[in-house]
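# Close look at the chain arrangement
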Amino acid sequence: MKLIWFGHSCFLLDGSKKILIDPFVPEGTIDVEPDIVAVTHGHADHLGATVSLGKKTVAVNEIAKYVSQTGIPTEPMNIGGTITVDGVVFTMTPALHSSWLEVEGAGFYGGVAAGFVIAMDGVKVYHAGDTALFSDMQLIRDLYRPDVALLPVGGRYTMGPDEAMIAAQYIGAKLVIPMHYGTFPTIVQDVQPFKHAVERTTPIRVEILAPGESIDLSL
Ligand code: NI
Ligand code: MN
């Protein structure tokens, strides 16, 4: 399986299926035809192009309801649940964050914010969504043993690099990829010290990707 980071929290898992997570990029469009779109929460920088992509969408009940009203097939789920869609296993994990759906300036309830552990082709990827550090990340390690963790490090709206260092240790994935930083002036971070600190003190590898860059996750 290959993983591509388009920037912000948007990743493509490119394996036996193409799974696009949080389809928002700050500039331009996401030039890919996914089989499934997974959305962590309703904020515009995550829901992004979900409706215009028009592909089968996995999301928490409230977002799935909103998306399905536009005629798009959905797979609603909620925190703690696991479903299999076209052979790909999605587990919805908690995230310490807020959520709402912004429609033409107004906002309405978007359910709770979430993350996902996605298992495909023998590789398990944990996308944390937008979240603070929480100690139950250790349960995500114990229950799902993710191989890769995609962690927000931008601060202000999510945890920053210091908290993400603890998160990386709680989750125990061999590979960590930082996300949700640098997109806006309010979440600028130098992620090199984070990489150095994690790699100096743990066996965990941190890969800093450039937008559009991919990495092979085949084990
Ligand atoms: Ni958010
Ligand atoms: Mn966000």
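One can find the structure itself at the top, above this paragraph.
Since we're looking at a predicted model, the values are computed, not measured.

### What to know about the packing of aromatic side chains
- Scanning all chains against the criterion turns up five aromatic pairs.
- Aromatic side chains Trp-5 and Phe-11 sit 6.3 Å apart centroid to centroid with 35 degrees between the ring planes, which places their arrangement in the tilted category. Like Phe-11, Trp-5 is buried.
- Aromatic side chains Trp-5 and Tyr-181 sit 6.0 Å apart centroid to centroid with 15 degrees between the ring planes, which places their arrangement in the stacked category. Here the residue Trp-5 occupies a position in strand E1 (residues 2–7), and Tyr-181 occupies one in the loop between strand E14 (175–179) and helix H6 (192–201), the gap between them amounting to 176 residues.
- Taken together, Trp-5, Phe-11 and Tyr-181 form an aromatic cluster joined through their ring pairs.

### Describing the coordination of the nickel ion (ligand 1)
- Looking at the metal site, the nickel ion (ligand 1) is ligated by His-41 (NE2), His-43 (ND1), His-97 (NE2) and Asp-130 (OD), spaced 2.2 to 2.3 Å from it.
- What the four donor atoms of the nickel ion (ligand 1) show is an angle range of 90 to 175 degrees at the metal, which sorts the shape as irregular.
- Sequence positions of the donors to the nickel ion (ligand 1) reduce to the motif H-x1-H-x53-H-x32-D.
- Between the nickel ion (ligand 1) and the manganese ion (ligand 2) the interatomic distance comes to 3.2 Å, and Asp-130 is a ligand of both metals. Placement of His-97 in the loop between strand E8 (88–94) and strand E9 (100–103) and of Asp-130 in the loop between strand E12 (123–127) and helix H4 (137–144) is noted, with a sequence separation of 33 residues between them.
- His-97 gets classed as partly exposed once you look at its relative accessible area, which sits at 24%.

### Here's the deal with the sheet that holds strand E2 (residues 10–14)
- Pairing within the open sheet is mixed, and its seven strands lie in the order E6-E5-E4-E3-E2-E1-E16. Strand pairing shows two members of the sheet lacking a second neighbour, strand E6 (74–77) and strand E16 (214–216), which therefore form its edges. Strand-to-strand, the axes of this sheet are offset by a mean angle of 20 degrees, without reference to chain direction.
- Across three bridges, the pairing between E1 and E16 is antiparallel. Bridged to Leu-3 within E16 is Ile-215.

### Some points on the coordination of the manganese ion (ligand 2)
- Bound to the manganese ion (ligand 2) on the protein side are Asp-45 (OD), His-46 (NE2), Asp-130 (OD) and His-180 (NE2), at distances that span 2.1 to 2.3 Å.
- Mapped onto the polypeptide sequence, the residues donating to the manganese ion (ligand 2) form the spacing pattern D-H-x83-D-x49-H.

### Side note on H4
- What H4 keeps buried is the set Met-137, Ile-140 and Tyr-144. The buried side chains of H4 occupy one side of the element, clustering within an arc of 50 degrees when seen end-on.
- Those residues of H4 that are buried lie in contact with E8, strand E11 (114–120), E12 and helix H5 (161–171).
- Positive phi appears at Arg-145, one or two residues downstream of H4, with a value of about 45 degrees.

### Some remarks on the sheet that holds E12
- A sheet is described by the order of its strands in space; here seven strands give the open sequence E7-E8-E11-E12-E13-E14-E15, paired in mixed fashion. Each end of this open sheet is capped by a strand with a single partner; those strands are strand E7 (82–85) and strand E15 (205–206).
- Sheet contacts for H4: E8, E11 and E12; angle to E12, the most-contacted strand, approximately 165 degrees.
- Of the strands in this sheet, E12, strand E13 (148–152) and E14 are in contact with H5, which crosses E13 at around 155 degrees.

### Some words on the nonpolar core
- Ranked by size, the top nonpolar core spans 64 residues in total, and within it Phe-90, Tyr-126 and Leu-151 carry the most contacts.
- When neighbours within four sequence positions are excluded, Phe-90 is seen to be in contact with Ile-19, Ile-36, Ala-38, Val-58, Met-77, Gly-81, Thr-82, Ile-83, Val-85, Phe-116, Val-117 and Ile-118.
- Formed by seven residues, the second largest nonpolar core is a distinct cluster that contains Ile-4, Val-25, Ile-30 and Val-32.

Cut-offs used in this document
Residues numbered from 1 in each chain as written. Chains lettered and ligands numbered in written order. Predicted model: local features only at pLDDT ≥ 70, side-chain atom pairs only at ≥ 80, totals over all residues. Heavy atoms only, no water. Phe/Tyr/Trp six-rings, centres within 6.5 Å; stacked < 30°, edge-to-face > 60°. Buried < 20%, exposed > 50% of the residue type's maximum accessible area, 1.4 Å probe, protein only. Helix = DSSP H or I, 4+ residues; strand = E, 2+ residues; numbered from the N terminus. Donors = N, O, S within 2.8 Å, 3.2 Å for Na, K, Ca; no water. Tetrahedral: all angles 85-135°; square planar, octahedral: opposite > 155°, others 65-115°. Pairing = 2+ DSSP bridges. Axes fitted to C-alpha atoms, helices over the stretch in contact; angles between N-to-C directions. Arc of directions from axis to C-beta. Contact = heavy atoms within 4.5 Å. Core = buried A, V, L, I, M, F, W, Y, C linked by side-chain atoms within 4.5 Å.

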